[in-house]
Amino acid sequence: MAALRTARRILMGGAALAAAGWALRDVPAELGVRPLNSGPGRAERIRRSPQFRDGAFVNTMPEGTEVLNTPPANMLGELAKDRDQRRPAGPVPLRVPPAGEAPPDGVRAIWYGHASTLVEIEGRRVLFDPVWSRRPSPSQLVGPKRHHPVPVPLASLPLVDAIAISHDHYDHLDMATVRTLTATQKAPFLVPLGIGAHLERWGVPAYRIIELDWEEEAEVAGLRFVATAARHFSGRTLARNDTLWGSWVVAGPTRRVFYAGDSGYFEGYRGIGSAHGPFDLTLMPIGAYSPAWPDIHMNPEEAVNAHLDLGGRVLLPVHWATFTLALHPWAEPVERLWREAKARDVSIAVPRPGEAVDPDAAPAVDGWWETLA
């Protein structure tokens, strides 16, 4: 009997190791590629960039950027406190996105959660920072879990004309999502410098990758895409800033949309608005702010400041509600945004995931999240 129990334990242990190995099989690919080692053409472009200094990309705006390499001393205590407030108290309400063709004129946006947003602009469709995985992590065994499902399966998305990525952090660039979009869509990926190396490793053909430095632009499907600045950082491993980060201007014949990606507030938003605005719609991050990283994620009040600097007409908040990435309460970002918007007479739209927003006829904010706070 003892021999049988020993054999059973060995078999169970082997099965557990095999299961763990299977679950972790994609981690090396998830970590991506160091772009300077991905080919001489890309490496030469990176080294020529005004944003690249001493072997890494940097924030070139005069405002400083601080990212703590070690957590604050009280971080563990803060993590254990008020945990229930950092997730919704019930199911997040979802909406079924509208079907059919994109409106031939005007702008419509469908927020899927976190930063993932489909923008329809004058009959074309642009998908920003799509993340469909359960966790924004190199392994689906660890990391923050979704607070709500994605409102539509990835394979059921309508055909899009472009996929725009802001930077390579896991909550904005997801390998599994990229691989599915490579198989189910034909659109090119527009990315900041260096991120093409990750995409190539994940099977995206080179002809579908457009890499841009800040203030470089490309035309896709009749839309003008301009890679613009952001105050942030990059990295999928402990090595930071191998790839560039940024924001996006998308301009049609008469309409314009701005997507901020991840960014702290900086004075350069005025210049972006002057050069490329005004904007019918701005997609601005409002969540995951913290005193531990004040320079690389803006808070809701700063999002309103940036929106006004840009010359935005309607602000659609993103980067909240889906993943817990900071210690503030789940609904605090949108509550602060709503107060600030009312105080400064700024038009905002706060859709449920899957709900369409038309900035020409944005509905009044209804506080749908309040029962979940």
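Residues numbered from 1 in each chain as written. Predicted model: local features only at pLDDT ≥ 70, side-chain atom pairs only at ≥ 80, totals over all residues. Heavy atoms only, no water.

Even after reading the chapter, I still don't get the packing of aromatic side chains, so can you show me in this structure?
Geometry of an aromatic ring pair is reported as the spacing of the ring centres plus the angle between the planes. On inspection of all chains with the given rule, the structure shows 13 aromatic pairs. Both rings, one in F52 and one in F57, keep their centres 5.1 Å apart while their planes meet at 70°; by these two values the pair is edge-to-face. Of the two residues examined, F52 and F57, each falls in the buried class. Considering the side-chain rings of W338 and W369, the 5.3 Å spacing of their centres and the 75° angle between planes classify their relative orientation as edge-to-face. With W338 in helix α9 (residues 332–343) and W369 in the segment after β16 (356–357), this residue pair connects regions lying 31 residues apart in the sequence. Comparing W338 with W369 shows no difference in burial state: the two are buried. Joined through ring pairs, the aromatic side chains of W111, W320, W330, W338, W368 and W369 make up one cluster. Of note, R336 hangs over the ring of Y289, and the distance from its end group to the ring centre comes to 4.9 Å. Over the ring of W338 we find K342; its NZ or CZ atom is 4.3 Å from the centre of that ring. (Phe/Tyr/Trp six-rings, centres within 6.5 Å; stacked < 30°, edge-to-face > 60°. Buried < 20%, exposed > 50% of the residue type's maximum accessible area, 1.4 Å probe, protein only. Helix = DSSP H or I, 4+ residues; strand = E, 2+ residues; numbered from the N terminus. Lys NZ or Arg CZ within 6 Å of the ring centre and 35° of its normal.)

How should the pairing of strand β9 (residues 217–220) be read in this particular structure?
Residues in a regular strand project their side chains so that they alternate between the two faces of the sheet. Covered by surrounding structure in β9 are A218 and V220 only, the residues E217 and E219 on the alternate face being uncovered. By the bridge criterion, four bridges tie β9 to strand β10 (residues 223–228) in an arrangement that is antiparallel. Counterpart to V220 in the pairing with β10 is L223. Hairpin connection between β9 and β10: a loop of two residues separates the two successive antiparallel strands, and A221 in this loop has a positive phi of roughly 55°. (Pairing = 2+ DSSP bridges.)

Looking at this structure, how should I read empty space enclosed by the protein?
Sizing a probe to match a water molecule and rolling it over the atoms shows the empty space that remains. This structure, assessed with the given rule, holds one cavity of 30 Å³ or more. Roughly 120 Å³ of volume is contained in the largest cavity. Residues of the lining of the largest cavity, tallied by class, amount to eight nonpolar, six polar and one charged. (1 Å grid on protein atoms, 1.4 Å probe; cavity = no way out; pocket = protein on both sides within 12 Å on 5 of 7 lines; lining within 4 Å. Points joined across faces, edges and corners; volume = space filled by probe spheres on them. Nonpolar A, V, L, I, M, F, W, Y, C, P; charged D, E, K, R; others polar.)

When you look at the pattern of salt bridges in this model, what are you seeing that I'm missing?
It is possible for side chains bearing opposite charge to pair when their charged atoms get close. One pass over the structure, following the stated rule, counts 23 salt bridges. Close ionic contact of R45 with E216 constitutes a salt bridge, the shortest N to O distance being 2.8 Å. Highlighted residues: R45 in helix α3 (residues 40–48) and E216 in the loop between β8 (209–212) and β9, separated in sequence by 171 residues. Look at R45 and you get partly exposed, because its relative accessible area is 27%. Since its relative accessible area comes to 30%, E216 is described here as partly exposed. Here R255 ties to D280 by a salt bridge, and the two come within 3.3 Å at their closest N and O atoms. Of this pair, R255 sits in the loop between β11 (247–251) and β12 (256–259) while D280 sits in strand β13 (residues 279–285), and the two are 25 residues apart along the sequence. Residue classification places R255 among the buried residues on the basis of a relative accessible area of 17%. (Salt bridge = Lys/Arg side-chain N within 4 Å of Asp/Glu carboxyl O.)

Which parts of the structure should I look at to understand the sheet that holds strand β3 (residues 107–113)?
Strand pairs in the sheet, formed through backbone hydrogen bonds, run parallel or antiparallel to each other. The strand order across the open sheet formed by seven strands is β8-β7-β6-β5-β4-β3-β16, and the pairing between neighbours is mixed. Single-partner strands in this sheet number two, and they are β8 and β16. Bridge count between strand β6 (residues 162–164) and strand β7 (residues 189–192): two bridges; the pairing is parallel. Paired with I163 across the strands is F189, a residue of β7.

Help me understand the environment of D358 in this model?
Looking at where D358 falls in the secondary structure, it is placed in the segment after β16. Residues D358 and R108, 250 residues apart in the sequence, show an inter-C-alpha distance of 4.6 Å.

Just to check I follow, could you spell out the packing of helix α8 (residues 300–310) against α9 for this structure?
What describes two packed helices is the angle between their axes and the distance between those same axes. As a packed pair, α8 and α9 sit with axes 8 Å apart at the nearest point and diverge in direction by 45°. Between α8 and α9, the angle is such that the two are oblique. Handedness of the α8/α9 crossing: right-handed. Between α8, through P300, E301 and V304, and α9, the contact on the second element is made entirely by P333, R336, L337 and E340. (Axes fitted to C-alpha atoms, helices over the stretch in contact; angles between N-to-C directions. Parallel < 35°, antiparallel > 145°, perpendicular 65-115°, else oblique. Left-handed = near helix turned anticlockwise from the far one by under 90°. Contact = heavy atoms within 4.5 Å.)

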